[in-house]
Amino acid sequence: MPSSNILLTTGLVFTLGLLITAVVDPLFGQCKSTNARVINSDQQSSTIALADGSIALLPVGNLKMHSQVNVGVKQRLFSGTSEYKLKAPLQPLMLNKHPSE
């Protein structure tokens with residue numbers, strides 16, 4: 001009987017560790033931004049070419065072909081996979097054009 005309890009406890013600890021990893025992995029990781037070129041785009045997604053020569057798929061559609069976009073890259077902590085998100089372009093500052101009174 002005691003050996004079955006040890007086996008059950010080991011399985012539960014292993015499962016709990018995998019669950020914690022699955023929850024924590026998307027939250028932490030290295031974030032950076034990079035420029036990329038749109039090589040294909042349809043209504044649902046866009047394919048981009050990164051500076052290091054790799055290709056990634058973005059869940060954002062209707063981007064202009066061959067345009068340069070700023071992409072946020074998040075490298076997952078444990079799995080090492082990368083997640084790409086399109087960053088919004090910087091909005092120009094709107095200056096007050098009315099003369100002060």
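Our structure is the block above this text.
**What to know about unusual backbone geometry**
Link 1 in the chain: Of note, N62 is a non-glycine position whose phi angle comes to about 60°, a positive value.
Link 2 in the chain: The phi torsion at H66 lies on the positive side, around 60°, for a residue other than glycine.
Link 3 in the chain: Tracing the backbone shows H66 in the loop between β3 (55-58) and β4 (68-76).
Link 4 in the chain: Residue class for H66 comes out exposed when judged on its relative accessible area of 55%.

**A closer look at the pairing of β3**
Link 1 in the chain: Residue alternation in β3 divides its side chains into a buried set, A56 and L58, and an unburied set, I55 and L57.
Link 2 in the chain: Where strand β2 (residues 46-50) folds back on β3, the antiparallel hairpin that results is connected by 4 residues, among which G53 adopts a positive phi of roughly 95°.

**Observations regarding the nonpolar core**
Link 1 in the chain: Ranked by size, the top nonpolar core spans 11 residues in total: A36, V38, I48, L50, A56, L58, L63, V69, V71, V73 and Y84.
Link 2 in the chain: When residues of this core are traced back to their parent elements, those giving at least two are β1 (29-41), β2, β3 and β4.
Link 3 in the chain: The leading source of residues in this core is β4, at 3 residues.
Link 4 in the chain: In this structure V69 touches T34, N35, A36, V38, I48 and L86, once residues within four positions along its chain are discounted.

What counts and how
- Residues numbered from 1 in each chain as written.
- Predicted model: local features only at pLDDT ≥ 70, side-chain atom pairs only at ≥ 80, totals over all residues.
- Heavy atoms only, no water.
- Helix = DSSP H or I, 4+ residues; strand = E, 2+ residues; numbered from the N terminus.
- Buried < 20%, exposed > 50% of the residue type's maximum accessible area, 1.4 Å probe, protein only.
- Pairing = 2+ DSSP bridges.
- Core = buried A, V, L, I, M, F, W, Y, C linked by side-chain atoms within 4.5 Å.
- Contact = heavy atoms within 4.5 Å.

Everything listed here is a matter of geometry and, on its own, says nothing about what the molecule does.
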